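Residues per chain, in single letters:
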Amino acid sequence: MVDQDKQIIEQLRDEIRHHDHLYYVEDKPELNDSEYDALMRRLKELEALHPQWAVSDSPSQRVGGMRAEKFAPIVHKTPMLSLDNAFSVEELRDFHNRVVKTLGDDKPIEYIVELKFDGLGVSLTYENGTLIQGATRGDGKVGENITANIKTIGSVPLKVRTEDFPGYFEVRGEVLMNRDGFEALNRMREEAGEAPFANPRNAAAGSLRLLDAGITATRPLEIFIYSLGYVAEHKGAGFATHEETLQALKRMGFRVNEHCFLCQGIEEVVAKVEEWQTKKSDLEYDVDGLVVKVNSIASHKKLGATSKYPRWATAFKFTAEQAETRALEIICQVGRTGAVTPVAILEPVFLSGSTVSRATLHNEDEIRRKDIRAGDRVVIEKAGEIIPKVVRVILNGEGERGPAFQMPTQCPECDSSLVRPEGEVVWRCLNFSCPAQVKERLCHFASRNAMDIDHLGPAIIDQLVETGKARRFSDLYILTREDLISLERMAEKSANNLLASIAKSKQAGLARLLFGLGIRHVGQRAAVVLAQTFQTMERIRQESVEGLESVMEIGPIIARSLRAYFADEANIREIETLSRCGVELSVLQSASTEGALERVLEGKQLVLTGTLKNFTRNEAKEIISALGGRVTSSLSQKTDYLLTGTDPGSKLNKAKELGVKILEEEEFQKWTGQARDE
Ligand code: IVH
């Protein structure tokens, strides 16, 4: 019986490894989420029954439960070198000429051109086929031991699939975050009142270096392996070319990037870099250039390396789109949770398709590092091509500069003292009644994705707060026509419209209300899941942390935050007041069929394109989520349906190429019409 269990454990591990590989590396999943979860649950149960058979490469070990105090240093067995850069085609040709000269024969040089991923370099070490260590590149000589974090990345094999390298070997690659994943993570952070990451690279680096690998496991990290590192008893490992090495890495189950080109001679390389200068934006992740590597391993040996970089490779850097302008002023904004963010107000300038008039300066440390001052001329860039940032100040020695930036010590809105909690980079205003926070909270409550109160925009909220007419959410529901008419530019008709929208929002339903309350870490998705699972506010309030955590997609952070929220008497009183005002605290009757609705999209991934006639994108997303599906922003083989409106754009062709099913809006409505809260 016990022996049988051992056999089943082994079978389950192999089966899960196989499906992990299909899902993460090959992008061709064969199981749906619940089938996969069932396998994993069975494995975990059996492993819990037989702890004597625990092994570190079991697929159940991806989520590190242990919290590290700090990362231990790892000395790399061979240094992780950097790459020399070529910033122009001329510099690329110079690199080639040096290669030709050193190799000294007149055979044409074969190159491999790869993407230069803008992430974090890592080293993975395997012993007898099992992952034993993951490390950051660090300074190239000494990195940090991040094994637990690395194990959470689904596309990292914990055990390799072939025995191409016996014994002990190391592979190297780059950990990164897709733009999609980055945007979703930042949305969640913003909804939860946390500072967003500046770009996907920072998000990947921050996620990989978290001491609690349990949190890393929730972050959408990806990896591409681009080379072998140290190999014990390395006899060239039998490979004549870099191309063969990559093939072997693929066979072993590593995720090697598909955009990898064999070029005969430098002219083909030049054509590739020119092609990719524009093509790079079609990728789902950021690349900052291409890496050009001599293909022959024998030539690597002849060319050698300096102490910093190999002479057989170079990085061709793409030019980031930049613009010059003036920072007119540096202001500090107070967010919903009191976080104070410095922002540069710029002389408007056109950059990568839009006019930019502000740029985030992230935090005090960043301003200090770059010494940005009001009045300075600055170079701005779209970081990760999404958020404009100030790259540097242009000092031309003309005229006096303004004084160095000083973070205010008092809140610019309510004058209470700001605090910077130890270990954090963010200054916060802790005054819950700070008018800036009150306004932001009310704006969030009224916003489209929350209670969706039409006509209640920031200008009116400012006035309501400043005249003392609204402070808490429930105050909105006791506003009278007279209260509104006394506001500036508020005619009788607008006042009536606004009152009608406020009244209508009472029926917004539990999910929207939960999101609107602005409970830390409870984003839109979590709110929908909580509402569907528990149906009433009261049941959520009564639930234990464990009970909340047992819900799929609700992690310990959300669960603890909910408990803390409901432990605060003032919050309970506010919810009771809302209820007395007639605000619905349960899932709506029409939507309560949500739970009973056939979840026709269970486990399915959808991408939206074109303009939908009957839904906003957010409405469509909510409905899809209520039916068990997920919306992602870019197409891949994992996509099940492309939902198309009018003017679908290039995604339609891509979907056809990938064989993704096309779902027209009318068809979608037929499936889901009942899911709308009419
Ligand atoms: S090869 C000795 N290939 O770029 C060869 N590196 O500036 C060095 N990187 O630390 C590594 N994409 O983290 C290589 N396709 C690629 C790469 C790549 C990104 C990073 C890597 C390295 C840095 C060097």
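Quantities reported herein were computed from a predicted structural model and do not represent experimental measurements.

A.B. asks: Please explain the environment of Thr609 as it appears in this structure.
C.D. replies: You can see Thr609 is positioned in strand 19 (residues 605-609). With near-sequence residues (within four places) excluded, Thr609 lies in contact with Arg617, Leu642, Leu643, Thr644, Gly645, Pro648 and Lys651.

A.B. asks: Got a minute to help me understand the sheet that holds strand 9 (residues 260-264) in this structure?
C.D. replies: In sheet architecture, strand pairing relies on hydrogen bonds along the backbone and comes in two forms, parallel and antiparallel. Read across the sheet, 5 strands follow the order 2-11-10-3-9 without closing on themselves; strand pairing throughout is mixed. For this open sheet the edge positions go to strand 2 (85-86) and strand 9, each flanked by a neighbour on one side alone. In this structure, strand 3 (residues 110-117) lies alongside strand 10 (residues 287-294), joined through 7 bridges in antiparallel fashion. Paired with Tyr111 across the two strands is Val294, which belongs to strand 10. Against the sheet, helix 3 (residues 89-103) makes contact with strand 2, strand 3, strand 10 and strand 11 (313-317), and its axis sits at roughly 175 degrees relative to strand 11, the strand it touches most. Lying over the sheet, helix 9 (residues 266-279) contacts strand 3, strand 9, strand 10 and strand 11, oriented at roughly 145 degrees with respect to strand 9.

A.B. asks: What exactly am I supposed to notice about the packing of aromatic side chains here?
C.D. replies: Aromatic ring pairs: the centre-centre distance and the angle between the two ring planes describe each pair. Using the criterion set out here, one finds 12 aromatic pairs in the structure. With a centroid separation of 6.3 Å and an interplanar angle of 75 degrees, the aromatic rings of Phe316 and Phe318 are classed as edge-to-face. Judged by relative accessible area, which is 10%, Phe318 ranks as buried. Here the basic side chain of Lys272 rests over the ring of Phe261, its NZ or CZ set 4.2 Å away from the ring centre. One Lys or Arg, Arg441, reaches over the ring of Phe432 and ends 3.8 Å from the middle of that ring.

A.B. asks: Any chance you could explain the confidence of the model for the protein here in plain terms?
C.D. replies: Segments scoring low in pLDDT should not have their predicted coordinates read at a detailed level. Confidence in the prediction for the protein averages 87 pLDDT; 93% of positions are at 70 or higher. Across the protein, strand 3 holds the top mean pLDDT of 97, while helix 22 (residues 589-596) sits lowest at 43. Predicted confidence for residues 591-597 stays below pLDDT 50, and this span has 9 contacts to residues more than four positions away or in other chains. This model gives residues 674-678 a pLDDT under 50, and the stretch forms 13 contacts once residues within four places in sequence are excluded.

A.B. asks: What am I meant to see in the state of the cysteines here?
C.D. replies: The full count for this structure, using the stated rule, is 0 disulfides. You can see Cys429 has no disulfide; the closest cysteine sulfur is in Cys414, sitting 3.7 Å from it. Classification of Cys429 as buried rests on a relative accessible area of 2%.

A.B. asks: Looking at this structure, how should I read the pattern of salt bridges?
C.D. replies: Any two side chains of opposite charge can pair, so long as their charged atoms come close to each other. Across all of its chains, the model carries 28 salt bridges by this definition. Across the salt bridge formed by Arg17 and Asp57, the nearest N and O atoms sit 3.6 Å from each other. One end of the pair, Arg17, is in helix 1 (residues 2-25); the other, Asp57, is in the loop between helix 2 (33-49) and strand 1 (73-75), and 40 residues separate them in sequence. Note on accessibility: Arg17 and Asp57 belong to one class, buried. Put simply, Glu222 and Arg255 hold a salt bridge, and the shortest N to O gap is 2.7 Å. In this pair, Glu222 is assigned in strand 8 (residues 221-231) and Arg255 in the loop between helix 8 (242-251) and strand 9, connecting sequence segments 33 residues apart. By the burial criterion, Glu222 is buried, and Arg255 matches it. Three or more residues are tied together by salt bridges with common partners; here these are Asp14, Arg17, Asp57 and Lys159.

A.B. asks: Help me understand unusual backbone geometry, please; the structure alone is not making it clear to me.
C.D. replies: Located in the positive-phi region is His362, a residue other than glycine, with phi close to 65 degrees. Tracing the chain through its elements places His362 in the loop between strand 14 (354-360) and helix 11 (364-370). Positioned with a positive phi, His521 is a non-glycine residue whose angle comes to about 75 degrees. As for its placement among the helices and strands, His521 is situated in the loop between helix 16 (510-516) and helix 17 (524-534).

A.B. asks: Help me understand the sheet that holds strand 21 (residues 641-644) in this model?
C.D. replies: Read from one edge to the other, the open sheet built from 4 strands follows the order 20-19-21-22, with strand pairing classed as parallel. Of all strands in the sheet, those with a lone pairing partner are strand 20 (630-631) and strand 22 (661-664), marking the two edges. Where strand 21 and strand 22 come together, 4 bridges link them in parallel fashion. Opposite Tyr641, over in strand 22, you have Lys661 as the bridge partner. The strands touched by helix 24 (residues 651-658) are strand 19, strand 21 and strand 22; relative to strand 21, the strand with the most contacts, the crossing angle is about 155 degrees.

A.B. asks: Explain empty space enclosed by the protein here, please?
C.D. replies: Vacant regions in the atomic arrangement are exposed by a probe of water-molecule size rolled over the atoms. This model, assessed by the stated rule, comprises 3 cavities of 30 Å³ or more. What lines the largest cavity is simply Glu114, Leu115, Phe117, Phe224, Ile225, Tyr226, Leu246, Val256, Asn257, His259 and Cys260. Elements with a contribution of two residues or more to the lining of the largest cavity: strand 3 and strand 8.

A.B. asks: I'm lost on the nonpolar core in this one. Help?
C.D. replies: Where a protein is soluble and globular, its nonpolar side chains tend to be buried together. Among the nonpolar cores identified, the biggest contains 54 residues, and Ile453, Leu476 and Tyr477 are the most heavily contacted of them. Counting residues per element, the ones that place at least two in this core are helix 12 (435-446), helix 13 (458-466), helix 15 (492-505), helix 16, helix 17, helix 18 (537-542), helix 20 (556-567) and helix 21 (569-580). Among the elements that make up this core, the one with the highest residue count is helix 17 (6 residues). In this structure Leu476 touches Leu442, Phe445, Ile453, Leu456, Leu464, Ala470 and Ile502, once residues within four positions along its chain are discounted. Leu120, Met177, Ala204 and Val231 belong to the second largest nonpolar core, which has 36 residues in total.

How each quantity is defined
- Residues numbered from 1 in each chain as written.
- Predicted model: local features only at pLDDT ≥ 70, side-chain atom pairs only at ≥ 80, totals over all residues.
- Heavy atoms only, no water.
- Helix = DSSP H or I, 4+ residues; strand = E, 2+ residues; numbered from the N terminus.
- Contact = heavy atoms within 4.5 Å.
- Pairing = 2+ DSSP bridges.
- Axes fitted to C-alpha atoms, helices over the stretch in contact; angles between N-to-C directions.
- Phe/Tyr/Trp six-rings, centres within 6.5 Å; stacked < 30°, edge-to-face > 60°.
- Buried < 20%, exposed > 50% of the residue type's maximum accessible area, 1.4 Å probe, protein only.
- Lys NZ or Arg CZ within 6 Å of the ring centre and 35° of its normal.
- pLDDT = per-residue confidence, 0-100.
- Disulfide = S-S within 2.5 Å.
- Salt bridge = Lys/Arg side-chain N within 4 Å of Asp/Glu carboxyl O.
- 1 Å grid on protein atoms, 1.4 Å probe; cavity = no way out; pocket = protein on both sides within 12 Å on 5 of 7 lines; lining within 4 Å.
- Points joined across faces, edges and corners; volume = space filled by probe spheres on them.
- Core = buried A, V, L, I, M, F, W, Y, C linked by side-chain atoms within 4.5 Å.

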